[in-house]
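Residue-level listing of the chains:
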Amino acid sequence: MDFVVYIILLLLGGLIGGLMAGLLGVGGGVILTPLQYALLLETGLEADLAITVSFATSLAVICVTMTRSTLQHKKNGNVVTKYLKPMMIMGFIGSMVGAFISVHTNVEILELLFGVMCILSVVNMVFVKYPENDDEISDSKIAHLLSGTIAGLLCGLLGVGGGVIMIPLLTLLLKYPTHKAVGTSSATIIATSLGGLIAYIVLGWNVTGLPSYSLGYVNIIQFIFLVATSIIISGYAAKWSAKIDEKYLKACHIIIVLYIGLNMIGII
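Please read all numbers here as calculations on a predicted model, not as lab measurements. (Residues numbered from 1 in each chain as written. Predicted model: local features only at pLDDT ≥ 70, side-chain atom pairs only at ≥ 80, totals over all residues. Heavy atoms only, no water.)

## Points about the overall build of the protein
Part 1: Within the protein one finds ten helices and two strands.
Part 2: Tracing the protein from N to C terminus, the helices and strands come up as α-α-α-α-α-α-α-α-β-β-α-α.
Part 3: Taking 18 Å as the expected radius of gyration for a compact globule of 268 residues, we find that the protein reaches 17 Å, a close match to that expectation.
Part 4: Projected onto its principal axes, the C-alpha coordinates of the protein cover approximately 55 × 35 × 35 Å.
Part 5: Counting every position in the protein, which comprises 268 residues, the buried fraction comes to 54%.
Part 6: Here the analysis covers contacts within the protein between residues at least 6 apart in sequence; of these, 81% occur between residues at least 24 apart. (Helix = DSSP H or I, 4+ residues; strand = E, 2+ residues; numbered from the N terminus. Rg over C-alpha atoms; globule rule 2.2 N^0.38 Å. Buried < 20%, exposed > 50% of the residue type's maximum accessible area, 1.4 Å probe, protein only. Contact = heavy atoms within 4.5 Å.)

Take a look at the structure:
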């Protein structure tokens, strides 16, 4: 593949990932990971290394992007802070554990798990009615800790920020309205992506056969071009999210995640 085309695709991927981060409160890993995986396979990199590098580099981009979008969500008043700190701590720990499991798991299993996770998330969003106000938000600390842990495990295991599962957990289990779920998910993802990122750097430190300019499993070249567009658009998208009807945010989320899920398990 021509290097210029390679870079353009990375820039476009970062743009879409940034939009998802700001509008939907997900890290954008459902876009960033499959894109990088496909591009790395085109370069001739072995599938086992390609998917791990994709996971790790996605988390590096997500960590930066979600920091920007979370600041805007907080200005909009859409970050619920009561149990945020313990959720972030458990998400950080969970993602490090997930990363360790990931590097010791067969690539075909990871692809299948990634696709199934996306499809289950879509099923939940289609059939579950979300709360419309703050009155029903759960006061259960245990449920918040569990949500952070689950999101963290999936983050480290599959290279997503955790928002594709965090938002359904916040809305279904903890009764957050959509805008508050988006903002709180964004803040939690900072911790989940950081934990996974650190783990992937350490686990990949002495691994041979990685692409040039890699820090552990994180590829610096891909990181730079992905984050160049994602960090710019994510802040603007977070502003737009406060003005967009929740049903349109939900529909957009469903379409994108369903497509990625079906693609990863080989249906389309």
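Continuing now.
## Topic: the packing of aromatic side chains
Part 1: Enumeration according to the criterion identifies one aromatic pair in this entry.
Part 2: Look at Tyr-200 and Tyr-217: their rings are 6.3 Å apart centre to centre, the planes differ by 85°, and that puts the pair in the edge-to-face class. Of this pair, Tyr-200 sits in helix H8 (residues 178-203) while Tyr-217 sits in the loop between strand S1 (214-215) and strand S2 (218-219), placing them 17 residues apart in sequence. In this pair, the class of Tyr-200 matches that of Tyr-217, namely buried. (Phe/Tyr/Trp six-rings, centres within 6.5 Å; stacked < 30°, edge-to-face > 60°.)

## A few points about the layout of surface pockets
Part 1: The space that makes up the largest pocket amounts to roughly 210 Å³.
Part 2: In this structure, the largest pocket is lined by Leu-9, Leu-12, Gly-13, Ile-16, Ile-31, Pro-34, Leu-35, Tyr-259, Ile-260 and Asn-263.
Part 3: Every element with two or more residues in the lining of the largest pocket is listed here: helix H1 (3-24), helix H2 (29-42) and helix H10 (246-264).
Part 4: Top element by residues in the lining of the largest pocket is H1. It accounts for four residues.
Part 5: Across the lining of the largest pocket, the residue classes break down as eight nonpolar, two polar and no charged.
Part 6: Around the second largest pocket, the lining residues are Met-1, Phe-3, Tyr-6, Leu-40, Thr-43, Pro-211, Asn-219, Ile-221 and Gln-222.
Part 7: At the level of secondary structure, the elements contributing two or more residues to the lining of the second largest pocket comprise H1 and helix H9 (220-241). (1 Å grid on protein atoms, 1.4 Å probe; cavity = no way out; pocket = protein on both sides within 12 Å on 5 of 7 lines; lining within 4 Å. Points joined across faces, edges and corners; volume = space filled by probe spheres on them. Nonpolar A, V, L, I, M, F, W, Y, C, P; charged D, E, K, R; others polar.)

## Notes on a positive patch on the surface
Part 1: Among the surface-exposed residues, Arg-68, Lys-75, Lys-239 and Lys-243 lie close enough to one another that they form a single positively charged patch.
Part 2: Structurally, Arg-68 is set in helix H3 (residues 47-75). (Patch = residues over 30% accessible without salt bridge, like charges linked within 9 Å, V, L, I, M, F, W, Y side chains within 5 Å. Areas by Shrake-Rupley, 256 points an atom, 1.4 Å probe, with all protein chains shown as cover. Salt bridge = Lys/Arg side-chain N within 4 Å of Asp/Glu carboxyl O. Lys, Arg positive; Asp, Glu negative; His and termini not counted. Charge placed at Lys NZ, Arg CZ, Asp CG, Glu CD.)

## Examining unusual backbone geometry
Part 1: The backbone of Lys-175 shows a phi angle near 65°, a positive value even though the residue is not glycine.
Part 2: Inspection of the secondary structure assignment puts Lys-175 in the loop between helix H7 (163-173) and H8.
Part 3: Since its relative accessible area comes to 34%, Lys-175 is described here as partly exposed.
Part 4: Even without a glycine there, the phi angle at Tyr-213 is positive, about 60°.

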